[in-house]
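Fold and contact review
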Amino acid sequence: MPVDASVTLLLLDLVGVYFFAVSGSLLAARQRFDLVGSLLLACVAGLGGGVVRDLVLDAGPPVAFSQPLYLVPPALAVVTVYSIEASVQRFNRLLVVFDAAGLALFCVSGTLIALAAHQHPVAAVLLGVTSAVGGGILRDVIANVTPTLFDQREFYAIPAFVGAALTVVAQTAGALGGIIVVPIIALVFALRVAGRRLRWSIPLASRHVVD
């Protein structure tokens, strides 16, 4: 991978870590955790998906552990959220926005990292989605809330699949670049936010289950 492409991918990954880490700190604030809990949830949300991705790729220690630079975004996220004075309702809205941004960035960067590791396009899509949703699942489980991925009221995994698939198609066609990456990220972000605001949902596993 060319040096400039590696730098771009690193920046995408770090910005994605920051946005997801902010979502973790926002959830910690909503749940009234202390600063230590906020930092823990920021690290889990920001780094969790990438760690799972790197372990699956079996390319040595996850970059979150081998590159101290990856610890900077969670620390910044904690400071950011600590400085916010807002109601619980506003925290909920901000959480969706930052989570959507992290989802959009990670589904692209995760897919590109998988492709750079010479994974099959289908595997690259799956790893891109894993990168995008992994941190959010761990964040929600630790905070003792229903994981967004499994909440029928949330439109979550589909935008990540769309972004990862479009990234693979663009890369395979040799058309992937900044001009293409930005619209893909914007599309995933828009789908996630629109899905929440317009109450898009995925059908239940069975429509015949009754209480």
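Our structure is the block above this text.
A brief report on the enclosed structure follows.

Here the focus is the overall build of the protein. From N to C terminus, the protein includes eight helices and zero strands. Its helices and strands in sequence order give the protein the pattern α-α-α-α-α-α-α-α, from N to C terminus. Each principal axis of the C-alpha distribution contributes one length, and for the protein these read about 45 × 45 × 30 Å. Looking at the protein residue by residue over its 211 residues, the buried ones come to 45%. Excluding contacts between residues fewer than 6 apart, the proportion of contacts in the protein whose partners are at least 24 apart in sequence is 75%. Working note: accessible area of the protein is about 11,000 Å², and carbon and sulfur atoms make up 67% of it. Looking at the protein, you have 12 positive and 11 negative side-chain charges, and the mean spots of the two groups are 12 Å apart.

Moving on: the packing of helix 6 (residues 121–142) against helix 7 (residues 157–172). Packing of helix 6 against helix 7 brings their axes to within 9 Å, and their N-to-C directions diverge by 140°. By the angle between their axes, helix 6 is oblique relative to helix 7. As helix 6 packs across helix 7, the resulting crossing turns out to be right-handed. Taken together, the residues of helix 7 that come into contact with helix 6 (itself represented by Pro121, Ala124, Val125, Leu126, Val129 and Ala132) are Ala160, Phe161, Ala164, Ala165 and Val168. Of the residues contributing to the contact of helix 6 with helix 7, the split by class is eleven nonpolar, no polar and no charged.

Attention now moves to the packing of aromatic side chains. Aromatic ring pairs are reported here in terms of the distance separating the ring centres and the angle at which the planes meet. Under the definition given, this model contains four aromatic pairs. Relative to Phe19, the ring of Tyr18 lies with its centre 5.7 Å away and its plane at 65°, an arrangement referred to as edge-to-face. Residue Tyr18 is classed as partly exposed on the basis of its relative accessible area, which comes to 22%. When the centroid spacing of 5.6 Å and the interplanar angle of 40° are considered together, the rings of Phe19 and Phe98 count as tilted. Residue Phe19 is located in helix 1 (residues 3–30), and its partner Phe98 is located in helix 5 (residues 88–116); the two are separated by 79 residues in the primary sequence. Feature note: the residues Tyr18, Phe19 and Phe98 constitute an aromatic cluster, connected by ring pairs.

Moving on, we come to the layout of surface pockets. Looking at the largest pocket, its volume works out to about 450 Å³. Together, 18 residues line the largest pocket, and Arg30, Asp151, Arg153, Glu154 and Arg196 are the ones closest to its centre. If you list the elements that add at least two residues to the lining of the largest pocket, you get helix 1, helix 5, helix 6 and helix 8 (178–197). Examining the composition of the lining of the largest pocket, we find that four residues originate from one element, helix 5, more than from any other. Of the residues that constitute the lining of the largest pocket, the class distribution is four nonpolar, three polar and eleven charged.

Along its 16 residues, helix 7 runs 22 Å from first to last C-alpha, staying within 8% of the 22 Å computed at 1.5 Å per residue. Looking at helix 7, one finds that the buried residues are Ala157, Pro159, Ala160, Gly163, Ala164, Thr167, Val168 and Ala170. Looking one or two residues past helix 7, Gly174 carries a phi angle of roughly 70°, positive in sign.

This model, assessed by the stated rule, comprises one cavity of 30 Å³ or more. Roughly 60 Å³ of volume is contained in the largest cavity. If you trace the largest cavity, you find it lined by Asp13, Val17, Gly46, Leu47, Gly50, Val51, Arg53, Asp54, Val63, Ala64, Tyr70 and Phe106. Every element with two or more residues in the lining of the largest cavity is listed here: helix 1, helix 2 (35–57) and helix 3 (63–66).

On to the nonpolar core, then. A general feature of soluble globular proteins is that nonpolar side chains tend to end up buried together. Counting residues in hydrophobic clusters, the biggest one holds 34 residues, and the most contacted among them are Leu103, Val108, Ala132 and Ile185. Going through the elements one at a time, helix 1, helix 2, helix 5, helix 6, helix 7 and helix 8 are the ones with two or more residues in this core. Top element by residues in this core is helix 5. It accounts for ten residues. Setting aside residues no more than four positions away along its own chain, Leu103 makes contact with Phe20, Ala132, Val133, Tyr156, Pro159, Ala160, Val188 and Arg192. Of all hydrophobic cores here, the second largest spans 15 residues; its members include Ala21, Ala77, Val81 and Phe91.

About the criteria used
- Residues numbered from 1 in each chain as written.
- Predicted model: local features only at pLDDT ≥ 70, side-chain atom pairs only at ≥ 80, totals over all residues.
- Heavy atoms only, no water.
- Helix = DSSP H or I, 4+ residues; strand = E, 2+ residues; numbered from the N terminus.
- Buried < 20%, exposed > 50% of the residue type's maximum accessible area, 1.4 Å probe, protein only.
- Contact = heavy atoms within 4.5 Å.
- Areas by Shrake-Rupley, 256 points an atom, 1.4 Å probe, with all protein chains shown as cover.
- Lys, Arg positive; Asp, Glu negative; His and termini not counted.
- Charge placed at Lys NZ, Arg CZ, Asp CG, Glu CD.
- Axes fitted to C-alpha atoms, helices over the stretch in contact; angles between N-to-C directions.
- Parallel < 35°, antiparallel > 145°, perpendicular 65-115°, else oblique.
- Left-handed = near helix turned anticlockwise from the far one by under 90°.
- Nonpolar A, V, L, I, M, F, W, Y, C, P; charged D, E, K, R; others polar.
- Phe/Tyr/Trp six-rings, centres within 6.5 Å; stacked < 30°, edge-to-face > 60°.
- 1 Å grid on protein atoms, 1.4 Å probe; cavity = no way out; pocket = protein on both sides within 12 Å on 5 of 7 lines; lining within 4 Å.
- Points joined across faces, edges and corners; volume = space filled by probe spheres on them.
- Expected span 1.5 Å × (residues − 1).
- Core = buried A, V, L, I, M, F, W, Y, C linked by side-chain atoms within 4.5 Å.

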